[in-house]
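An overview of the molecular structure
Now for the letters of each chain:
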Amino acid sequence: MHAWDELYIGGTWVPSTGPGRIEVENPATERTVGRVPDGTPADMERAVDAARDAFDTGPWPRMTPDDRAAALEDMADALTARAGELAVTITMETGLPITIVELAHARPAIAALRHYARLVRTTAFEEDRPGARSPFRLRRLPSGVVAAIVPWNIPVLGACAKIGPALAAGCAVVLKPSPETPLSAFLLAEAAHEARLPPGVLNLVPGGREAGAALVAHPGVDKVTFTGSTAVGKRIAAVCAERMKRYSLELGGNAATIVLDDAPAERVAAGAVAMGLINNNGEACIVQGRILVPRAREKELAGAIAAAAGAIPVGDPADPRTLLGPMITRTHRDRVLGYVASGIAEGAELVHGGRVPAGFDRGWYVEPTVFTGVHNGMRIAREEIFGPVLTVIPYDGEEEAVAIANDTEYGLSGSVWAADPERAAAVGTRIRAGSIFVNGTLRLDADAPFGGFKESGIGREGGPEALAEYLEPQVMFLPAGEGRAPGPALSGDLT
Ligand code: NAD
């Protein structure tokens, strides 16, 4: 049992103001494996006050970028020392296979902290510019107190993608993990404590919707960085607008893979499985779920994808051979099975899976599932399923393929396959989405700005673009030339 009885606020462990506890279930065993305090709005208030103090009067925003970088590296070292425990904890609370967690969660999360430590050392926080009429100094100042809210499918990676650039910029953070997966966040807080981040620079309060809403609405918060559903993201944007708080939103996706006429079937099938079915159990915003295929090749490609889906090792996420584990909760498993039922009801042809796998009477498992004969108006094509379900959609001609790919309110990512990668890349430029993967190169890179077009979000995580999300430009006009009196600056001529 992994239990933490206290919250991390102001650099120390403190009891919650409320009696509530979050019981964490392992989705593979249905057993309770952890318990943490259920943060209250009053706890959020305390955490924001601590972050406010750290930002307004503490050393962090005033330290040199080099010193902040060194502290971030210490935090990354402290997490590296816990890397094994981190991966096991994430697997236990999410049901994601340990092999995937080590490669795609624990390592890149730690790498993100190191990346921002490096980046901040080389970022110009102050530069003198000649100006159009007279010189000025441009300064980049930290945005202030940041509320960081993360979902259950990327508990630590999502948190580090926010903490890294926010702390590097000089902000103070209140982190709210998802109630399904709060345990791994406590390892982050322990690492911050061990790295001796100044008190209040990173605060941790787990909780649900009410705690999250209290955090977003708190007047002491300057910026909200949120990863989660588009519905909640829209609500957060509306609340932020009241006080003109800054926000960045990483929201849902419904990506299409365009398979061009000469793409090799076997590679496409292997790619479809990797980028859809075993991509974070299908519970990922970048799942490439809609596979658009030339009508003449529909049968061949759907057959190849179904065969590859049948070879996926489904099982205990703690077993390193497993590549597909259970859904996060019973409710979510039932939701995914509901999508399968809707696909059948709307006339799509189920070519693989679609049920709870035989022999799995514990845990929230769903078979890897492939539909063909899908058209883009069906619910299984229109909505984000967030599970191991692929929909094969036939198209007639490249124009129609691009139109179908873009016929969604989302715009997070997309893929194209062709014999010639440059031909695929040319088609990829026509997809209205933030990340395009050519011939199966599903990758996230700490230096590549990741984020959505359309209703997939606003802002970017990764690269210098993410650092800029936590900085406010300030222009300082200095008196021109030596000896000039710093009198009233405006001469009336502002052109
Ligand atoms: P969710 O929106 O239900 O919850 C996300 C987080 O917001 C949780 O911590 C939750 O407690 C909190 N929350 C809920 N209501 C809130 C409110 N009113 N105010 C403040 N906080 C609130 O999403 P989820 O089900 O946990 O995650 C799945 C969704 O996240 C999917 O839509 C997925 O596509 C998206 N996602 C996007 C990205 C990306 O980078 N674009 C990455 C991962 C997940």
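Residues numbered from 1 in each chain as written. Predicted model: local features only at pLDDT ≥ 70, side-chain atom pairs only at ≥ 80, totals over all residues. Heavy atoms only, no water.

Per an unreviewed UniProt entry, the chain goes by Aldehyde dehydrogenase and derives from Actinomadura rugatobispora. Checking UniProt for the chain, the heading Sequence similarities (unreviewed entry) contains the comment "Belongs to the aldehyde dehydrogenase family." (UniProt positions renumbered as here; feature names shortened; annotations may be inferred.)

Right, let's talk about the overall build of the chain for a bit. Scanning the chain from N- to C-terminus turns up 15 helices and 21 strands. The globule rule puts the C-alpha radius of gyration for 495 residues at 23 Å, and the 24 Å found for the chain is close to it. The dimensions of the chain, computed from C-alpha atoms along their principal axes, are 80 × 55 × 40 Å. Of all 495 residues assigned to the chain, the portion counted as buried reaches 56%. Contacts in the chain between residues far apart in sequence, at least 24 positions, make up 73% of those at least 6 positions apart. As displayed, the chain offers around 20100 Å² of accessible surface, 54% of which is attributable to carbon and sulfur atoms. Charge separation in the chain, taken as the distance between the mean sites of 47 positive and 61 negative side-chain charges, equals 2 Å. (Helix = DSSP H or I, 4+ residues; strand = E, 2+ residues; numbered from the N terminus. Rg over C-alpha atoms; globule rule 2.2 N^0.38 Å. Buried < 20%, exposed > 50% of the residue type's maximum accessible area, 1.4 Å probe, protein only. Contact = heavy atoms within 4.5 Å. Areas by Shrake-Rupley, 256 points an atom, 1.4 Å probe, with all protein chains shown as cover. Lys, Arg positive; Asp, Glu negative; His and termini not counted. Charge placed at Lys NZ, Arg CZ, Asp CG, Glu CD.)

Let us now look at the packing of helix α2 (residues 65-80) against helix α6 (residues 183-194). The contact between α2 and α6 brings their axes to 8 Å, and the two run at 130 degrees. By the criterion of interaxial angle, the relationship of α2 to α6 is oblique. As for the relative orientation of α2 and α6, their crossing is right-handed in sense. Contact with α2, carried on its side by M75, A78 and L79, involves L187, L188, A191, A192 and E194 of α6 and no other residues of that element. Grouping the amino acids of the contact of α2 with α6 by side-chain chemistry returns 7 nonpolar, no polar and 1 charged. (Axes fitted to C-alpha atoms, helices over the stretch in contact; angles between N-to-C directions. Parallel < 35°, antiparallel > 145°, perpendicular 65-115°, else oblique. Left-handed = near helix turned anticlockwise from the far one by under 90°. Nonpolar A, V, L, I, M, F, W, Y, C, P; charged D, E, K, R; others polar.)

By nearness alone, 29 residues border the ligand, and V150, K176, S229, L251 and E384 come closest of all. Backbone polar atom of V150 to an oxygen atom of the ligand: 2.8 Å apart, as the coordinates give it. The contact in question runs from a nitrogen atom of the ligand to an N or O atom on the backbone of A213, over 3.5 Å. Contact with the protein chains hides 89% of the accessible area of the ligand, taken as 850 Å² for the molecule alone. Put simply, the parts of the chain that give the shell around the ligand at least two residues each are α7 (209-217), β11 (223-227) and α8 (230-243). The leading source of residues in the shell around the ligand is α7, at 4 residues. Residue composition of the shell around the ligand, by class: 16 nonpolar, 8 polar and 5 charged. Per-domain counts for the shell around the ligand show at least three residues from each of domain 1 (2-251 + 452-489) and domain 2 (256-438). (Near = heavy atom within 4 Å. Polar contact = N/O pair within 3.5 Å; in protein donor to acceptor, adjacent residues only side chain to side chain. Domains from an automatic or database assignment.)

Pairing is possible between side chains of opposite charge, provided their charged atoms come close. Per the stated rule, a full pass over the model turns up 28 salt bridges. Between R46 and D43 there is a salt bridge; the shortest N-O distance is 3.2 Å. Of this pair, R46 and D43 both sit in helix α1 (residues 41-56), separated by 3 residues, roughly a single helical turn. Under the relative-accessibility criterion, D43 is labelled buried at 0%. Across the salt bridge formed by D56 and R52, the nearest N and O atoms sit 2.9 Å from each other. Of this pair, D56 and R52 both sit in helix α1, separated by 4 residues, roughly a single helical turn. (Salt bridge = Lys/Arg side-chain N within 4 Å of Asp/Glu carboxyl O.)

Within the secondary structure layout, T17 lies in the loop between β3 (12-15) and β4 (21-25). Exposure remark for T17: the relative accessible area of 48% places this residue in the partly exposed category. Measuring from C-alpha to C-alpha, the distance between T17 and M44 comes to 9.9 Å, with 27 residues separating the pair along the chain. If we ignore the near neighbours within four places in the chain, the residues touching T17 are T40, A42, D43 and R46. At 2.7 Å, the side chain of T17 and the side chain of T40 are in polar contact.

In this section: α8. Counted at 1.5 Å a residue, the expected span for α8 with its 14 residues is 20 Å, and the 21 Å between its end C-alpha atoms agrees. Those residues of α8 that fall on the buried side of the exposure criterion are T230, G233, I236, A237 and C240. Across the axial projection of α8, the buried residues extend over an arc of 110 degrees, all falling on one side. Close packing links the buried residues of α8 with α7, β11 and β12 (246-250). One or two steps after α8, the chain reaches M244, where phi turns positive at roughly 55 degrees. (Expected span 1.5 Å × (residues − 1). Arc of directions from axis to C-beta.)

Bringing unusual backbone geometry into the picture now. Non-glycine residue F386 carries a positive phi angle of around 60 degrees. Of note, F386 is situated in the loop between α12 (379-382) and β17 (389-395). The class of F386 is buried, set by a relative accessible area of 15%. Phi at K454 is positive, roughly 50 degrees, even though this residue is not glycine. Topologically, K454 is positioned in the loop between β19 (435-438) and β20 (457-458). A relative accessible area of 37% means that K454 is categorised as partly exposed.

The sheet built from 3 strands is open, its strands ordered β1-β5-β4 with mixed pairing. With partners counted over all chains shown, the strands left at the sheet margins are β1 (2-3) and β4, one partner each. In terms of strand pairing, β1 meets strand β5 (residues 32-37) through 2 bridges, oriented parallel. Directly across from A3, in β5, lies its bridge partner R35. Of the strands in this sheet, β1, β4 and β5 touch helix α3 (residues 83-94), which is tilted by about 90 degrees from β4. Taken strand by strand, α6 contacts β1, β4 and β5, and its axis lies near 55 degrees from that of β5. (Pairing = 2+ DSSP bridges.)

Time to look at the UniProt feature "active site" (unreviewed entry) in the chain. The feature "active site" (unreviewed entry), as annotated in UniProt, sits at E250 in this numbering. Tracing the backbone through its elements, the reader meets E250 in strand β12.

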